[in-house]
Amino acid sequence: MTNRDTLREDIAYVRDATNRANATTIPSIYLLWAAIGLCGFALVDFVDDSRWIGRFWLLAGPGGVGLSLWLGFRAQRQVEQADRRSGIRWGLHWLAYFVAGMLGLALVLSGHLDWAGFGSLMVLLLSLSYFHAGLQFDRRLLPVAVVAAVCYLLTLVVSGYEWTLAGVLMASVLVWQARLAARTHDVAH
């Protein structure tokens with residue numbers, strides 16, 4: 001191995017370590033999804049017509065993704081750490097959640113799963129997605145994964161306002177993470 005190859009490997013190692021150490025957490029994205037999730041989960045308990053729930057997520061899901069992208073891009077530019085590769089990795093990660101959800105929708109449309117089961121499946125997939133994001137991108141997402149797993153179980157065993165309870169729990173952990181991220185940001189600067 002030449003000195004040039006060794007130098008490239010060393011620089012790549014330092015860059016990756018720096019990226020991991022300086023992972024930018026954006027509190028406003030946590031707060032956005034806390035609000036969207038709380039509203040969307042509670043709708044299940046308070047709206048009789050499931051079409052309204054579908055319409056909500058049809059608008060709030062892509063709208064939240066678009067707003068998250070904008071907030072992330074803006075935050076990265078403010079700290080002058082625009083990392084296109086990292087943004088693409090995050091995008092692909094959450095795209096996989098969306099695709100898995102759409103494949104789960106095929107279970108409902110084919111009659112293998114009812115709408116209540118589909119909702120629970122989406123929360124299970126959400127828990128798994130947060131868990132993988134915690135392993136791959138930001139360890140601070142692991143508690144969100146655990147709470148999402150608890151919410152999944154709540155949707156299966158609690159009867160009566162289980163979705164509202166799950167929404168409150170998810171919103172609470174996301175707000176908590178936003179506060180921790182803001183505090184970490186304040187200490188670092």
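Residues numbered from 1 in each chain as written. Predicted model: local features only at pLDDT ≥ 70, side-chain atom pairs only at ≥ 80, totals over all residues. Heavy atoms only, no water.

Quick notes on helix α2 (residues 27-46)
Given 3.6 residues per helical turn, the α-helix brings residues three or four places apart onto the same face. The first and last C-alpha atoms of α2 sit 29 Å apart over 20 residues, in line with the 28 Å expected at 1.5 Å per residue. Residues Tyr-30, Leu-32, Ala-34, Ile-36, Gly-37, Gly-40, Phe-41 and Ala-42 constitute the buried set of α2. (Helix = DSSP H or I, 4+ residues; strand = E, 2+ residues; numbered from the N terminus. Expected span 1.5 Å × (residues − 1). Buried < 20%, exposed > 50% of the residue type's maximum accessible area, 1.4 Å probe, protein only.)

Overview of the pattern of salt bridges
Within the structure shown, the criterion is met by 2 salt bridges. Across the pair Asp-49 and Arg-51 runs a salt bridge whose closest N-O atoms are separated by 2.9 Å. Judged by relative accessible area, Asp-49 falls into the partly exposed class, the value being 25%. With a relative accessible area of 53%, Arg-51 lands in the exposed category. Here Asp-138 and Arg-140 are joined by a salt bridge, their closest N and O atoms 2.9 Å apart. Residue classification places Asp-138 among the buried positions, given a relative accessible area of 9%. Residue classification places Arg-140 among the partly exposed residues on the basis of a relative accessible area of 25%. (Salt bridge = Lys/Arg side-chain N within 4 Å of Asp/Glu carboxyl O.)

Topic: the packing of helix α5 (residues 115-136) against helix α6 (residues 142-157)
The contact between α5 and α6 brings their axes to 8 Å, and the two run at 165 degrees. When the axes of α5 and α6 are compared, the pair comes out roughly antiparallel. Handedness of the α5/α6 crossing: left-handed. Note on element contacts: α6 touches α5 through Leu-142, Val-144, Ala-145, Ala-148, Ala-149, Cys-151, Tyr-152, Thr-155 and Leu-156, opposite Ser-120, Val-123, Leu-124, Ser-127, Tyr-130, Phe-131, Gly-134 and Leu-135. Residue classes in the contact of α5 with α6 are distributed as 13 nonpolar, 4 polar and no charged. (Axes fitted to C-alpha atoms, helices over the stretch in contact; angles between N-to-C directions. Parallel < 35°, antiparallel > 145°, perpendicular 65-115°, else oblique. Left-handed = near helix turned anticlockwise from the far one by under 90°. Contact = heavy atoms within 4.5 Å. Nonpolar A, V, L, I, M, F, W, Y, C, P; charged D, E, K, R; others polar.)

Some points on the packing of aromatic side chains
Under the counting rule described, the total for this entry stands at 7 aromatic pairs. Between Trp-94 and Tyr-97, the ring centres sit 6.1 Å apart and the planes meet at 80 degrees, which makes this aromatic pair edge-to-face. Here Trp-94 pairs with Tyr-97, and both are found in helix α4 (residues 84-109), just 3 residues apart, close to one helical turn. Judged by its relative accessible area of 26%, Trp-94 falls in the partly exposed class. When its relative accessible area of 19% is taken as the criterion, Tyr-97 is described as buried. Here a set of aromatic residues connected by ring pairs shows up, and it is made of Trp-94, Tyr-97 and Tyr-130. Stacked on the ring of Trp-52, the Lys or Arg Arg-55 has its end atom at 4.9 Å from the ring centre. (Phe/Tyr/Trp six-rings, centres within 6.5 Å; stacked < 30°, edge-to-face > 60°. Lys NZ or Arg CZ within 6 Å of the ring centre and 35° of its normal.)

Comments concerning unusual backbone geometry
Residue Tyr-161 is not a glycine yet carries a positive backbone phi of 65 degrees. Within the fold, Tyr-161 resides in the loop between α6 and α7 (162-188).

Some words on a nonpolar patch on the surface
Together, Ile-88, Leu-92, Leu-95, Phe-98, Val-99, Met-102 and Leu-103 line one region of the surface with nonpolar side chains, adding up to about 670 Å² of accessible area. Locating Leu-95 in the fold gives a position in helix α4. (Patch = residues over 30% accessible without salt bridge, like charges linked within 9 Å, V, L, I, M, F, W, Y side chains within 5 Å. Areas by Shrake-Rupley, 256 points an atom, 1.4 Å probe, with all protein chains shown as cover.)

What to know about the nonpolar core
Of all hydrophobic cores here, the largest spans 26 residues; its most connected members are Tyr-30, Phe-41, Tyr-130, Leu-141, Val-144, Met-170 and Leu-174. Residue assignment for this core shows that the elements contributing at least two residues are α2, α4, α5, α6 and α7. When residues in this core are grouped by element, the largest group, 8 residues, is from α7. (Core = buried A, V, L, I, M, F, W, Y, C linked by side-chain atoms within 4.5 Å.)

Some words on the confidence of the model for the protein chain
With 86% of its residues at a pLDDT of 70 or more, the protein chain has an overall mean of 87. Here helix α1 (residues 3-21) stands out as the element of the protein chain with the lowest mean pLDDT, 65, in contrast to α6, whose mean of 97 is the highest. (pLDDT = per-residue confidence, 0-100.)

Some words on the side chain of Glu-162
Among the structural elements, Glu-162 can be located in helix α7. It turns out Glu-162 is buried and unbridged, and the closest side chain with the opposite charge, Arg-51, is 20 Å from it. Within the local environment of Glu-162, its side chain forms a polar contact with the backbone nitrogen of Gly-160, the two atoms lying 2.8 Å apart. (Lys, Arg positive; Asp, Glu negative; His and termini not counted. Polar contact = N/O pair within 3.5 Å; in protein donor to acceptor, adjacent residues only side chain to side chain.)

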